[in-house]
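Letter by letter, the chains look like this.
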Amino acid sequence: MTGPPSQPESESTEPESAPTTDAMTVPLEVPTDADPGAVAEEGDAEPEFEGPRRRERRERAERREAQARARAIEEARLEAKRKVRNPSGGATPARGSVRGLKVVLLGLLALVVTVGLGLVMYFTPLMSVRNVVVVGTGSVTEEQVLQAAAVPVGRPLLQVDTDAVADRVATIRQVATARVQREYPSTLRITIAERVPVAVKDFPDGPRLYDRDGVDFTGPPPPALPYLDVDNPGPADPPTKAALEVLTSLRPDVAGQVGRVAAPSVASITLTLTDGRVVVWGTNDRTEEKAEKLAALLTQPGHTYDVSSPDLPTVK
């Protein structure tokens with residue numbers, strides 16, 4: 001007996017089990033540069049904590065960026081100024097360099113002008129001698145000075161040796177000093193100082209005058225000039241120098257009373273006044289002190305006044 005027919009095998013109608021959650025989990029990659037706030041919204045994750053070191057590095061980077069930005073702005077500003085001052089685009093020289101160049105150029109220009117003027121004055125007759133002025137003459141005449149100077153008219157002033165001209169004028173015996181100066185554009189000035197006589201001495205060929213240095217010269221003697229009584233008068237004679245030193249040390253009111261000064265030696269100088277009184281001077285030591293004592297003694301009556309010892313002057 002056959003049993004009931006076997007039913008065909010059919011596919012199970014039970015639903016297939018869903019995959020487990022572990023098998024479907026996909027890791028979520030979060031970009032490192034993503035906004036922490038966005039990550040928090042998507043994954044509800046907490047923002048990453050910024051420590052002190054990381055904050056310090058960030059702030060340092062921000063400061064460098066700000067400084068670089070400020071430098072760029074300053075350089076752009078300076079470049080704009082340079083373009084305004086120098087539109088052609090060439091380099092602008094430093095102010096100190098320009099000033100130094102101007103000074104050098106001005107110095108060179110002054111040197112060229114000076115040399116040029118010197119050459120013109122030295123070699124051309126534009127500033128030549130056309131006039132000679134003589135100053136200081138008294139007993140010496142202007143003709144004597146011009147003849148001794150021997151300056152040719154028409155010679156350029158710079159070619160005139162003023163020292164040589166002064167030496168030639170000083171050969172005149174009555175001239176004590178001579179000075180020659182150029183006065184542009186065309187004048188030469190000769191200034192002389194004549195010798196001042198302080199004593200006179202007779203000679204067979206006529207009287208000779210002596211200045212305070214013992215230099216003799218000829219000329220009309222002034223009135224009341226003391227007579228010099230020495231054996232060998234001259235600037236190198238010791239008795240002459242001693243006698244003239246005494247005369248020039250006296251006060252003017254006393255010197256005007258002296259009629260003769262005798263110096264047979266340096267140690268025996270005597271003065272004879274115009275009224276006949278005699279002054280024993282002795283040596284020329286302490287001359288200034290003796291002159292003061294004599295001025296006081298002459299107010300007293302007497303014939304001989306001895307100041308050879310100024311510590312003990314006497315009147316006889």
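Note: the structure precedes this text.
Since the structure is predicted, the reported quantities are computational estimates derived from the model, not experimental observations. (Residues numbered from 1 in each chain as written. Predicted model: local features only at pLDDT ≥ 70, side-chain atom pairs only at ≥ 80, totals over all residues. Heavy atoms only, no water.)

A.B. asks: Where do I start with the packing of aromatic side chains in this structure?
C.D. replies: Within a pair of aromatic rings, the relevant descriptors are the distance that separates the centres and the angle that separates the planes. The tally for this structure, following the rule as stated, stands at zero aromatic pairs. Its guanidinium or amino end placed over the ring of Phe203, Arg208 lies 4.4 Å from that ring's centre, counting from NZ or CZ. (Phe/Tyr/Trp six-rings, centres within 6.5 Å; stacked < 30°, edge-to-face > 60°. Lys NZ or Arg CZ within 6 Å of the ring centre and 35° of its normal.)

A.B. asks: I would appreciate a short explanation of the pairing of strand β10 (residues 278-282) in the present structure.
C.D. replies: Looking down a regular strand, the side chains alternate between one sheet face and the other. Bridge count for strand β9 (residues 269-273) against β10 is four bridges, and the pairing is antiparallel. Residue pairing across strands places Leu271 opposite Val279, the latter belonging to β10. If you look at the hairpin formed by β9 and β10, you'll find four residues sitting between the two strands, and Gly276 has a positive phi there, around 100 degrees. In this sheet, strand β11 (residues 304-306) lies alongside β10 in parallel orientation, the contact comprising three bridges. In the strand pairing of β11, Val279 is matched with Tyr305. The handedness of the β10 to β11 crossover, carried by helix α9 (residues 287-297), is left-handed. (Pairing = 2+ DSSP bridges. Helix = DSSP H or I, 4+ residues; strand = E, 2+ residues; numbered from the N terminus. Right-handed = clockwise from strand over helix to strand, strands pointing away.)

A.B. asks: What should I look at first to understand the sheet that holds strand β3 (residues 187-194) in this one?
C.D. replies: In sheet architecture, strand pairing relies on hydrogen bonds along the backbone and comes in two forms, parallel and antiparallel. Across the sheet, which stays open at both edges, the three strands sit in the order β1-β3-β2 with mixed pairing between neighbours. Among the strands making up the open sheet, the edge pair consists of β1 (131-135) and β2 (175-183). Across this sheet, the average inter-strand angle for adjacent strands is 20 degrees, counted without regard to direction. One ladder, built from eight bridges, connects β2 with β3; its direction is antiparallel. (Axes fitted to C-alpha atoms, helices over the stretch in contact; angles between N-to-C directions.)

A.B. asks: How should the packing of helix α7 (residues 238-249) against α9 be read in this particular structure?
C.D. replies: A packed helix pair is summarised by two numbers, namely the angle formed by the two axes and the spacing between the axes. Two elements in contact, α7 and α9, have axes separated by 9 Å at closest approach and are oriented at 50 degrees. One way to sum up the angle between α7 and α9 is to call them oblique. Considering only the axes of α7 and α9, their crossing is right-handed. Residues Glu245, Val246 and Ser249 of α7 form the contact with α9, whose participating residues are Thr287, Glu288 and Ala291. Residue composition of the contact of α7 with α9, grouped by class: two nonpolar, two polar and two charged. (Parallel < 35°, antiparallel > 145°, perpendicular 65-115°, else oblique. Left-handed = near helix turned anticlockwise from the far one by under 90°. Contact = heavy atoms within 4.5 Å. Nonpolar A, V, L, I, M, F, W, Y, C, P; charged D, E, K, R; others polar.)

A.B. asks: Mind showing me how you'd approach the side chain of Thr240 here?
C.D. replies: Its place among the elements puts Thr240 in helix α7. Of the residues examined, Thr240 reaches a relative accessible area of 0% and is grouped as buried. Residue contacts for Thr240: discarding those within four places in its chain leaves Leu228, Val230, Asn232, Pro233 and Gly234. (Buried < 20%, exposed > 50% of the residue type's maximum accessible area, 1.4 Å probe, protein only.)

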